[in-house]
Amino acid sequence: MQVSLQTTSGLERKLTVGVPAERVDKEVNVRLQKASKTVRLDGFRPGKVPMKVMKQRFGAGVRQEVLQEVMNQSFSEAITQENIKPAGMPSIEPKNIQEGADLEYVATFEILPEVDTKDYSSMTIETPVADVVDSDIDKMIETLREQQSSWEEVDRAAAQGDQVNINYVGTKDGESFEGGTADNSPLELGSNRMIPGFEDGIIGLKAGEEKVLSLSFPENYHAEELKGAAVEFAVSVNTVAEKKLAELNDELFAKFGVNEGGEAKFREDVATNMKRELENAIKSQVKNQVMDALVAAHNDLQIPQALVKQEITALKQQMVQQFGAQAESLDIDSLLPDDMFTEQADRRARLGLVLHHYIGSENLTADPDKVKEAIEGIAAPYDDPQEVINYYYGNQQQLQQVQSVVLEDAAVEKLMAQATVTDKASSYEEVMAPKAPPEADEE
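Conventions we followed
Residues numbered from 1 in each chain as written. Predicted model: local features only at pLDDT ≥ 70, side-chain atom pairs only at ≥ 80, totals over all residues. Heavy atoms only, no water. Helix = DSSP H or I, 4+ residues; strand = E, 2+ residues; numbered from the N terminus. Rg over C-alpha atoms; globule rule 2.2 N^0.38 Å. Buried < 20%, exposed > 50% of the residue type's maximum accessible area, 1.4 Å probe, protein only. Expected span 1.5 Å × (residues − 1). Contact = heavy atoms within 4.5 Å. Arc of directions from axis to C-beta. Pairing = 2+ DSSP bridges. Axes fitted to C-alpha atoms, helices over the stretch in contact; angles between N-to-C directions. Phe/Tyr/Trp six-rings, centres within 6.5 Å; stacked < 30°, edge-to-face > 60°. Parallel < 35°, antiparallel > 145°, perpendicular 65-115°, else oblique. Nonpolar A, V, L, I, M, F, W, Y, C, P; charged D, E, K, R; others polar. Salt bridge = Lys/Arg side-chain N within 4 Å of Asp/Glu carboxyl O.

**Student:** So what exactly am I meant to see when it comes to the overall build of the protein chain here?
**Tutor:** Across its full length, the protein chain carries 14 helices and eleven strands. Computed over its C-alpha atoms, the radius of gyration of the protein chain comes to 33 Å, more than 25% above the 22 Å expected for a compact globule of 443 residues. By principal-axis analysis of the C-alpha atoms, the protein chain measures approximately 95 × 65 × 50 Å. When each of the 443 residues of the protein chain is scored for burial, the buried share is 33%.

**Student:** What is the right way to read helix 9 (residues 342-361) from this model?
**Tutor:** Owing to its 3.6 residues per turn, the α-helix brings residues three or four apart onto one side. With 20 residues, helix 9 should reach 28 Å at 1.5 Å per residue; the first-to-last C-alpha distance of 28 Å fits that figure. Residues Ala345, Ala349, Arg350, Leu351, Leu353, Val354, Leu355, Tyr358 and Ile359 constitute the buried set of helix 9. For helix 9, the elements touching its buried residues are helix 6 (262-297), helix 7 (305-323) and helix 12 (396-418). Downstream of helix 9 by a residue or two, Asn363 has a phi angle that is positive, lying close to 55 degrees.

**Student:** Looking at this model, I keep getting lost on helix 11 (residues 385-394). Mind explaining?
**Tutor:** For helix 11, the full list of buried residues reads Val388, Ile389 and Tyr392. All buried residues of helix 11 lie within an arc of 100 degrees about the axis, which places them on one face of the element. Turned more than 90 degrees away from the buried face of helix 11, the exposed residues are Glu387 and Gly394. Where helix 11 is buried, its residues meet helix 10 (368-379) and helix 12.

**Student:** Where do I start with the sheet that holds strand 3 (residues 91-96) in this structure?
**Tutor:** Strand pairing in a sheet is mediated by backbone hydrogen bonds. Such pairs are either parallel or antiparallel. With antiparallel pairing, four strands are arranged side by side in an open sheet as 1-2-4-3. Only two strands of the sheet have a single partner each, and these edge strands are strand 1 (2-9) and strand 3. For this sheet the average axis-to-axis angle between neighbouring strands, irrespective of direction, equals 20 degrees. Where strand 1 meets strand 2 (residues 12-19), seven bridges bridge the pair, whose relative direction is antiparallel. Across the sheet, residue Ser4 finds its bridge partner in strand 2, namely Thr16. On top of the sheet, helix 2 (residues 51-81) reaches strand 1, strand 2, strand 3 and strand 4 (103-110); it is set at about 60 degrees to strand 4, its chief contact.

**Student:** When you look at the environment of Leu364 in this model, what are you seeing that I'm missing?
**Tutor:** Mapped onto the elements of the fold, Leu364 is located in the loop between helix 9 and helix 10. C-alpha separation for the pair Leu364 and Gly324, spaced 40 residues apart in sequence, amounts to 39 Å. Beyond its immediate sequence surroundings of up to four residues, Leu364 is in contact with Tyr358, Ile359, Leu407, Ala410 and Ala411.

**Student:** Explain the pairing of strand 2 to me, please; I cannot follow it from the model alone.
**Tutor:** Between strand 1 and strand 2, which pair antiparallel one after the other, the connecting turn spans two residues, and Gly10 there sits at a positive phi close to 55 degrees. Here strand 2 pairs with strand 4 via eight bridges, running antiparallel. By the bridge assignment, Val17 is partnered in strand 4 with Tyr105.

**Student:** Where do I start with the packing of aromatic side chains in this structure?
**Tutor:** What characterises a pair of aromatic rings is the spacing of the ring centres plus the angle enclosed by the ring planes. Considering all chains together, one arrives at twelve aromatic pairs under this definition. On the numbers, 5.8 Å between centres and 80 degrees between planes, the contact of Phe177 with Phe217 is edge-to-face. Here the residue Phe177 occupies a position in strand 8 (residues 175-188), and Phe217 occupies one in the loop between strand 9 (210-216) and strand 10 (230-244), the gap between them amounting to 40 residues. Look at Phe177 and you get buried, because its relative accessible area is 14%. Judged by centre distance (5.6 Å) and plane angle (85 degrees), the rings of Tyr391 and Tyr392 are edge-to-face. Among the aromatic residues, ring-to-ring pairing joins Tyr168, Phe177, Phe198, Phe217, Tyr221 and Phe233 into one connected group.

**Student:** I keep staring at the packing of helix 9 against helix 12 and nothing clicks. Help me out?
**Tutor:** Helix-helix packing: each pair is described by the crossing angle between the helix axes and the interaxial distance. It is at 10 Å that the axes of helix 9 and helix 12 come closest, and there the two elements cross at 75 degrees. Considered as vectors, helix 9 and helix 12 are oriented roughly perpendicular to each other. Taken together, the residues of helix 12 that come into contact with helix 9 (itself represented by Leu355, Tyr358 and Ile359) are Leu407, Glu408, Ala411, Lys414, Leu415 and Gln418. Of the residues belonging to the contact of helix 9 with helix 12, the class tally is six nonpolar, one polar and two charged.

**Student:** I would appreciate a short explanation of unusual backbone geometry in the present structure.
**Tutor:** In most cases, non-glycine residues show a negative phi, while peptide bonds are predominantly trans. We note that Asn83 has phi near 55 degrees; this positive angle belongs to a residue other than glycine. In this fold, Asn83 is placed in the loop between helix 2 and strand 3. For Asp173, which is not a glycine, the phi torsion comes out positive at approximately 55 degrees. Mapped onto the elements of the fold, Asp173 is located in the loop between strand 7 (163-172) and strand 8. Accessibility expressed as a relative area gives 72% for Asp173, which makes it exposed.

**Student:** Could you clarify how one ought to interpret the pattern of salt bridges in this entry?
**Tutor:** Overall, the coordinates contain 26 salt bridges when judged by the stated rule. A salt bridge links Arg145 to Glu142; the shortest N-O distance between them is 3.0 Å. Of this pair, Arg145 and Glu142 are both found in helix 3 (residues 134-147), three residues apart, which corresponds to roughly one turn of the helix. A residue is classified by how much of its surface remains accessible, and Glu142, at 34% relative accessible area, is partly exposed. Of the charged contacts in the structure, one is a salt bridge between Glu146 and Lys243, with a shortest N-O distance of 3.1 Å. On the criterion of sequence distance, the pair formed by Glu146 in helix 3 and Lys243 in strand 10 is long-range, its members being 97 residues apart. The class for Lys243 is partly exposed, based on a relative accessible area of 29%. When salt bridges with common partners are traced through the structure, they connect Glu27, Arg31, Glu65 and Glu69 into a single cluster.

Treat this as a map of the structure, not an account of what it does.
Structure, rendered in structure tokens:
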């Protein structure tokens, strides 16, 4: 087998491979001979079809299969011979596939870049330090009560936070428009579910009262014909209801898995879960800082576009899953163009390369005890933790995911030992608050 390697530009390579005709012809003959033993053709007894006939009838199809397989196999052999690490699948262009002649093709692909070993001692990491205090627990319990709340009709004017049941008819220039009419529609005032001014206009109305709201749709409204349009909504209120928080009783406690011990045990469980969430959030924030520092330290690393495209595909699939059954009727390529994900995909590809290099250079492995501890942590909130533990150890794919996380954690721990780490006094709420992406902060 003859191999010629050419560097075209950046990480792109072209590999010209020549395979002796004998290798292809031999495999074609072997397959035709094997097939001749079972093939049935009119005029010939089973197993007695001459090779000349087999080649006439099936030679071209079998040769095409063999050519494809030989190109794939020889490509693997060639990159091993040249000690090349492709970043993705090659684009193979046949140059000579004539029968009796040596097979020749050109494979174009990108290679994985060489990742330089860096000095990470200048890395600075800020670790949030926070505790779960009684006021945090009180607030969380109020949140849980609100989640389990109910609506109770009242005989008074509607106020912010109430739920009203309404009928409404929307008109533009005296004509109703699509989506502007509803009957017996529940609406929580303050949810901002309707266009600006709609919910505020209902505040102060009682059940049985009506009002016409003169409003305008936002300029960025999704329906083109309604962008910035002046409209009127004739609204009638059917009922007004106020939110009634769930009582702290055995019924509520049971919904959260507390069947004994009453309020004291419920509070204890809430505190335990909050502490676990706080610990995970702190760990996640520290890990993100380390990963950001790794990416920043290798911002000059050239990334194969094949890896970026793989990450874009993965990110799209994650978002499509959020659409659920609706995804089947959506034009995903138009709705989710590649540009939406390029920056995030580049970061993920870059981090993957750098982290893989670091883990290998430091000879890090996933400690079985740490894996066990991680799985037990995942299982802890469930009613039957042992069942969850058994599931993870019985599912190789799930187990490998946990092992990967543990391996990443080992890398973070190793990097933290080199970095300058400072503590930052924080509250539970500050640590748990959702972090806005950088671009949102700038805006």
